[in-house]
Amino acid sequence: MSVGKPLPHDTAPLHVTGAARYVDDIPAPANTLHLAFGLSTVARGVLNGVDLTKVRAAPGVVAVMCADDLPFANDVSPSIHDEPLLATDRVHFVGQPVFLVVATSHLAARKAARLATFDITEETPILTVDEALAADSRFEDGPVIWSKGAAADAIARAPHRVEGTMEVGGQEHFYLEGQAALALPQDGGEMVVHSSTQHPTEIQHKVAEALGLPMHAVRVEMRRMGGGFGGKESQGNALAVACSVAARATGRPCRMRYDRDDDMVITGKRHDLRIDYRAGFDDLGRLTGVDFRHLMRCGWSQDLSLPVADRAMLHADNAYLLDHVRIESHRLKTNTCSATAFRGFGGPQGMVGIERVMDHVAHALGLDPLKVRRANYYTDMAEDATEGGPSAPPQRSLGSSPPPEDISGKKKEADLTSRGGPDELNRVVVAEASGQTTPYGMAVTDFILNAMTERLADQSDYAARRAKVADWNATQPVLKRGIALTPVKFGISFTLTHLNQAGALVHVYQDGSVQVNHGGTEMGQGLYQKVAQVAAQAFGVGMEVVKVTATDTSKVPNTSATAASSGSDLNGMAVKIACDTIRDRIAACLAELHQVAPDTVVFAGGEVTVGGDTISFARAAQLTYESRVSLSATGYYKTPGLAWDRKRGQGRPFFYFAHGAACTEVVIDTLTGEYRILRTDILHDVGESLNPALDIGQIEGGYVQGAGWLTTEELVWDDRGRLRTHAPSTYKIPACGDRPEVFNVALWDGANREETIYRSKAVGEPPFMLGISALMALSDAVAACGPGYPALDAPATPERVLAAVDRVRRG
Amino acid sequence: MNTNLTVNGRPHALDLDTRVTLLDALRDQLKLTGSKKGCDHGQCGACTVLVNGQRINACLSLAVMHDGDEITTVEGLSSDGRSPLQAAFVRHDGMQCGYCTPGQLCSATAVLDEIARGWPSHVSADLEGPVELTREELAERMSGNICRCSCYPGISKAILSVAEDGTVHREAAE
Ligand code: FES
Ligand code: FES
């Protein structure tokens, strides 16, 4: 049995010796050239021209390219073709690539890129939410509004009401390995690209367009990333395309990596937003109605902002049954870097809104916030519920759908495998769901947070510690403590339904070794190891027999991004299906040789038992080969049961929900606003874990990163649109000492009721939102300082905590 | 400028531009790509190497300043990749993406040495007595090595497990 074992990462021995290669470590031919972008220094304006004389004359420079020098598409957008690789007539943010320097060394390229003189007619940039609203600068025509029941009425008639506004900051990915790409020109104009990307197919597509080639002429390979977190879903396009066009122009290999500060300035980050909320509730804190307004800053281009903002709306309920709810989402266009995917993909932003409401309601009523949360929970699923959810099956509408709108006016292919791609394909008729439903009409049939919360409250000794915290706060004048327990319910599946598919390619060689390839990418989450475990299990062989090779667009085509936590759900299933096909062929072959039924053939312990004989798996492979039976197979999987109408905000966008709960205790210094996380207890639902060691790592890491987002990680732009926090010296990423002093993580022991790979659940993103408990614990500590409500914005930096203490004291 | 470096026990005579950092010399000239470039500004620790047994950020130091120095990179921490710390990082899975791992290992190797020599840090309780590798002490000493995947629990466990063993001994096969 390999599935379910707590194995370390597959390449751990390579990592500890420095032998694990990342894109920038791949040896390149000696004549390789290096690239750097020349960046706009202005946030908004008309680009009249650039004087590149000094750039061209700089030492080591081989070529300089502007938009006009690009042979085909000048486009690196994953959605509506609104993002040129190099600026054309206008510049839209500080850091936008305007020209490309190709030089003999990285340093030469970077130095030369600074020698340009821009002729830009500056205009007043639109930077803030308020400026964007005033200018009606937005994506889509107006706000997206989804509702259930009659929120306004319910709030008006409620016995109690709260309302407020919360600013929630963005987040820099700071994948420790910056963006990088390497393009190697091939015979006949073809291109091989190594790219640090979560989405090799997208890179392949963009490079093919930029070179005027069909996709079959471009091969993209990705072995591992030094972290992705969503920041390499679309943000690597520019580097890969730049390397490819430069390689085409010069006939030489080209490589590019962003310097860290450039990376932070150029690439998109988590969407920041303002949340306005109004809620009505009864004496027990049960919400009778709630209204949210999300004002998201999407930056200058659309990128993946629409599905991100959708997912924020889809998580506005988190774990709570809301009968009367209205969510209004504005996707604002600003002259800042284009906000993009980041672990949770908008989900955290939506969830933090309702958690703030729970906190505010509890404060207004003087109740324990956990009581208020539990009073609003969905009901747990019945104990014996093991069948799939009762949501309506999808039905394709027969009406012909219009082709995707071509915004650019130029003929470009739609990015079908991008989350920013067109959703016209997903016209579905959604039947009404029954029972408890989400604000978007999906039946909630697998809820388990009542039981999980019960157990976590018990294991973390929540009630007694809450009493202790109150005693402490009653007697201590300077240090105040706070504690909070918050839940997470996160929907699993791509909301663009057609992306929920995956392919795999498995070979068994005549020596019995197994090679596995699939469409997922490895960024540290341990996907390769989980998939290898699945393959080893299928053949009943040891892990050393299985090798997962680099993700490669020529082995498995048309892959979705490794995103939405879907990696092992989708690819694990595809690999299992491929392995099962080969195993069945081997079984049938051996069964015939032994004149027994195929289903009596047993694969276990590296051996195959057939008709009383036991032979090695390698021998079985040989016999199958000699019988002229193929030992290679593809596997294909698509998630069943999805039906989502994005326009109406109705349907079943998710296959299932993953759950978790975290209890965090903090202490704040009311004189300085500084704080520490004293203890965190987590109980998280990964279904039947494929690998508990990797899962616990994801949970610990997700929590710390989520807490970082809401506490110390602050992005600051100045009034000219320049990012002032463009290095870890000014942008505080959690370090070793910032993790909780006591950190207990446990896995919930229930299986996924849906038929996922070995009944496991996705784990990449959901734990990130456990970090919300840290923010709520800080709110609890600040609330101990006086009568007022803390109304903490995020990130709750020490400055903000100090200001909130002051506010609360004044009442 | 001619510079003699001994890297992982092997002497190298290099002709270097005076502005080349030690990190670039290791990665680009000597093709030792184990040391990573996370920020190039001394802020992430991914480039940590040992110079004459003490840790430095190789991105912040010019290669020519190290004429005659003994440099140890992650590739040279052991001959077989199984130093007690390396084995402990594998056993405790002190990594996700692994990009910070070479720096963490070099840093941790030096930390254990600093502790053994009794060099206090600014969080040490007693500046005179022997230094104990407490949670605070470890957090302080490893604070220059960012792990964005936040594998700090695994990293800390790995280092503490080796510190507790006290003497250097071979880990059992994984
Ligand atoms: S690369 Fe040297 S400290 Fe970051
Ligand atoms: S393992 Fe990814 S940065 Fe540490």
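Student: Can you walk me through unusual backbone geometry in this structure?
Tutor: The phi torsion of most residues other than glycine is negative, and most of the peptide bonds are trans. Residue and element names in this part refer to chain A. Cis rather than trans, the peptide bond between A794 and P795 has omega equal to -5 degrees. Relative to the elements of secondary structure, P795 occurs in the loop between α18 (772-783) and α19 (798-810). The phi torsion at H81 lies on the positive side, around 55 degrees, for a residue other than glycine. Inspection of the secondary structure assignment puts H81 in the loop between β3 (61-65) and β4 (90-91). Even without being a glycine, A791 presents a positive backbone phi close to 45 degrees. Within the secondary structure, A791 is located in the loop between α18 and α19. For A791, a relative accessible area of 25% corresponds to the partly exposed category.

Student: Can you walk me through the state of the cysteines in this structure?
Tutor: Note on terminology: a disulfide is the covalent bond linking the sulfur atoms of two cysteines. One pass over the full model with this rule turns up zero disulfides over all chains. Between C337(A), a cysteine without a disulfide, and C298(A), which holds the nearest cysteine sulfur, the sulfur-to-sulfur distance is 12 Å.

Student: Please explain the environment of L107(A) as it appears in this structure.
Tutor: All names here are of chain A. Mapped onto the secondary structure, L107 falls in helix α3 (residues 106-113). For L107, a relative accessible area of 49% gives the class partly exposed. Residues L107 and C589, spaced 482 residues apart in sequence, show a C-alpha to C-alpha distance of 60 Å.

Student: Sorry, what's going on with the confidence of the model for chain B here?
Tutor: A low pLDDT score tells you not to read the predicted coordinates there in detail. Residue and element names in this part refer to chain B. Taken as a whole, chain B shows an average pLDDT of 93; of its residues, 95% reach a score of 70 or greater. Segment residues 167-174: pLDDT under 50, and 14 contacts once partners within four positions in sequence are set aside and those in other chains are kept. Scored as a whole, the predicted complex attains pTM 0.95, and scored at its interfaces, ipTM 0.94.

Student: I keep staring at the sheet that holds strand β6 (residues 117-122) of chain A and nothing clicks. Help me out?
Tutor: Residue and element names in this part refer to chain A. Pairing within the open sheet is antiparallel, and its three strands lie in the order β4-β2-β6. Single-partner strands in this sheet number two, and they are β4 and β6. Sheet analysis places strand β2 (residues 45-51) next to β4, joined by two bridges and oriented antiparallel. Pairing of V46 across the sheet is with R90, part of β4.

Student: Any chance you could explain helix α6 (residues 200-211) of chain A here in plain terms?
Tutor: Side chains three or four residues apart in an α-helix point the same way, a direct result of the helix having 3.6 residues per turn. All names here are of chain A. Taking 1.5 Å per residue as the helical rise, α6 with its twelve residues ought to reach 16 Å, and the 16 Å between its terminal C-alpha atoms agrees with that figure. A large share of α6 lies buried, amounting to twelve of its twelve residues. All of the buried residues in α6 are P200, T201, E202, I203, Q204, H205, K206, V207, A208, E209, A210 and L211. Packing partners of the buried residues in α6 comprise β10 (191-195), β11 (218-222), α7 (237-250) and β22 (551-552). The first or second residue beyond α6 is G212, which carries a positive phi of 65 degrees.

Conventions adopted
- Residues numbered from 1 in each chain as written.
- Chains lettered and ligands numbered in written order.
- Predicted model: local features only at pLDDT ≥ 70, side-chain atom pairs only at ≥ 80, totals over all residues.
- Heavy atoms only, no water.
- Helix = DSSP H or I, 4+ residues; strand = E, 2+ residues; numbered from the N terminus.
- Buried < 20%, exposed > 50% of the residue type's maximum accessible area, 1.4 Å probe, protein only.
- Disulfide = S-S within 2.5 Å.
- pLDDT = per-residue confidence, 0-100.
- Contact = heavy atoms within 4.5 Å.
- Pairing = 2+ DSSP bridges.
- Expected span 1.5 Å × (residues − 1).

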